[in-house]
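Read off the chains here:
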Amino acid sequence: MPRRPRLLLEKWHMPDDLLCTILLHHRMEVSGRLPEEQRFLILPCTLAALLPDQLNQVPDGMNRLLEADSRSSAFGLDRLCQRVDEQLDQITEGHDVPLYLTPHLVDHRQLPADRR
């Protein structure tokens, strides 16, 4: 993270764990090397940063999520996507069309390996 936003977060007296999460949310390789207690705090944000979004911030995010899901039975990507979709339905109350995750997951799994 550039120095200015970091200084701003420090000036606002953000807690260290929030500061670390903001600084590392696109750095899965770093969060994987942290001690378990710190990884437990940061890994959910790191994984969430890989979810598909309108800006496509992490073009290979779905590949990385599927890889993380295959490494851990605790992750449960399919169920997670279903829950997020359900919550999006509740939040939007029919007034918006949210970016559902489950169709992205299904579509991505059907792509040939060389197009992922």
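Up top is the structure these notes are about.
Okay, so let's go over this structure. (Residues numbered from 1 in each chain as written. Predicted model: local features only at pLDDT ≥ 70, side-chain atom pairs only at ≥ 80, totals over all residues. Heavy atoms only, no water.)

Reported here for the largest pocket is a volume of approximately 540 Å³. Met 28, Leu 43, Leu 47, Ala 68 and Ser 72 are the residues nearest the centre of the largest pocket, which is lined by 15 residues in total. Every element with two or more residues in the lining of the largest pocket is listed here: helix H4 (36-48) and helix H5 (61-71). By residue number, the principal contributor to the lining of the largest pocket is H4, which donates six residues. Of the residues in the lining of the largest pocket, the class split is eight nonpolar, two polar and five charged. Each pocket or cavity is described by its volume, and for the second largest pocket that value is around 240 Å³. Residue lining of the second largest pocket: 16 residues in total, with Pro 52, Pro 59, Met 62, His 104 and His 108 positioned closest to the centre. Elements represented by at least two residues in the lining of the second largest pocket include exactly H5 and helix H7 (101-110). Among the elements that take part in the lining of the second largest pocket, H7 stands out by supplying three residues, more than any other. (1 Å grid on protein atoms, 1.4 Å probe; cavity = no way out; pocket = protein on both sides within 12 Å on 5 of 7 lines; lining within 4 Å. Points joined across faces, edges and corners; volume = space filled by probe spheres on them. Helix = DSSP H or I, 4+ residues; strand = E, 2+ residues; numbered from the N terminus. Nonpolar A, V, L, I, M, F, W, Y, C, P; charged D, E, K, R; others polar.)

All right, on to H4 then. Given 3.6 residues to a turn, an α-helix orients residues that are three or four positions apart in the same direction. Between its terminal C-alpha atoms H4 stretches 18 Å, which fits the 18 Å expected from 13 residues at 1.5 Å a residue. The sharpest bend along H4 measures roughly 40° and falls at Ile 42, with the proline Pro 44 sitting one to four residues further on. On the buried face of H4, the contacting elements are helix H2 (16-24), helix H3 (28-31) and H5. (Expected span 1.5 Å × (residues − 1). Bend = angle between axes of the 7 residues up to and from the residue. Contact = heavy atoms within 4.5 Å.)

Right, let's get into the nonpolar core. Within the largest apolar cluster, 13 residues are counted, with the highest numbers of intra-cluster contacts made by Leu 47, Leu 50, Leu 65, Phe 75, Leu 77 and Leu 105. Of all the secondary structure elements, the ones that give two or more residues to this core are H5, helix H6 (77-92) and H7. A per-element tally of this core places H5 first, with four residues. Beyond its immediate sequence surroundings of up to four residues, Leu 105 is in contact with Met 62, Leu 66, Leu 77, Asp 78 and Cys 81. (Core = buried A, V, L, I, M, F, W, Y, C linked by side-chain atoms within 4.5 Å. Buried < 20%, exposed > 50% of the residue type's maximum accessible area, 1.4 Å probe, protein only.)

Before going further, it helps to spend a moment on the pattern of salt bridges. For the coordinates displayed, the defined rule picks out four salt bridges. For Arg 71, the salt bridge identified is with Glu 67, shortest N-O distance 2.5 Å. Taken together, the residues Arg 71 and Glu 67, both in helix H5 and four residues apart, mark about one turn of the helix. Overall, the relative accessible area of 40% leaves Glu 67 in the partly exposed class. Arg 109 is the salt-bridge partner of Asp 78, the closest N and O atoms lying 2.6 Å from each other. Of the two residues, Asp 78 is situated in helix H6 and Arg 109 in helix H7; the sequence distance between them amounts to 31 residues. Note on Asp 78: relative accessible area 36%, which makes it partly exposed. (Salt bridge = Lys/Arg side-chain N within 4 Å of Asp/Glu carboxyl O.)

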